Amino acid sequence: LNGLRLGILSNKKWNGNTLLRKTRAILEDEIDFAAVNFYEKESFSKNADPGLLGDIIADNDIVLTAIGD
């Protein structure tokens with residue numbers, strides 16, 4: 001995973017964001033990512049906008065997302 005670009009997609013739920021932040025910290029301790037990019041959906045109850053998904057696909061090699069309620 002070293003050298004890859006990590007995308008993190010939040011659904012704006014508090015516990016999901018907490019899980020993503022902690023997971024990111026653990027991963028960054030062990031992996032040297034080329035970049036870490038953070039994205040947020042408009043709302044947890046809606047699908048991600050196609051434009052946002054396009055940006056995520058174009059700018060990242062792997063993506064981390066979570067649901068934490």
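Residues numbered from 1 in each chain as written. Predicted model: local features only at pLDDT ≥ 70, side-chain atom pairs only at ≥ 80, totals over all residues. Heavy atoms only, no water.

S.K.: Is there a simple way to think about the pattern of salt bridges in this case?
M.R.: Side chains that differ in charge, positive against negative, can pair when their charged atoms come close. Summed over the entire model, instances satisfying the criterion amount to three salt bridges. Across the pair Glu-28 and Arg-24 runs a salt bridge, and its minimum N-O distance is 3.3 Å. With a gap of four residues between them, Glu-28 and Arg-24 both fall in helix α1 (residues 14-30), about one helical turn apart. In this structure, Lys-46 and Glu-42 form a salt bridge, with 3.3 Å as the shortest nitrogen-oxygen distance. Judged by relative accessible area, which is 61%, Glu-42 ranks as exposed. (Salt bridge = Lys/Arg side-chain N within 4 Å of Asp/Glu carboxyl O. Helix = DSSP H or I, 4+ residues; strand = E, 2+ residues; numbered from the N terminus. Buried < 20%, exposed > 50% of the residue type's maximum accessible area, 1.4 Å probe, protein only.)

S.K.: Just to check I follow, could you spell out the pairing of strand β2 (residues 35-40) for this structure?
M.R.: For a regular strand, side chains alternate in direction, first toward one face of the sheet and then toward the other. Across six bridges, strand β1 (residues 5-10) lies against β2 in parallel orientation. Bridge pairing in β2 places Leu-9 opposite Tyr-39. In this fold, the crossover linking β1 to β2 by way of α1 has right-handed handedness. (Pairing = 2+ DSSP bridges. Right-handed = clockwise from strand over helix to strand, strands pointing away.)

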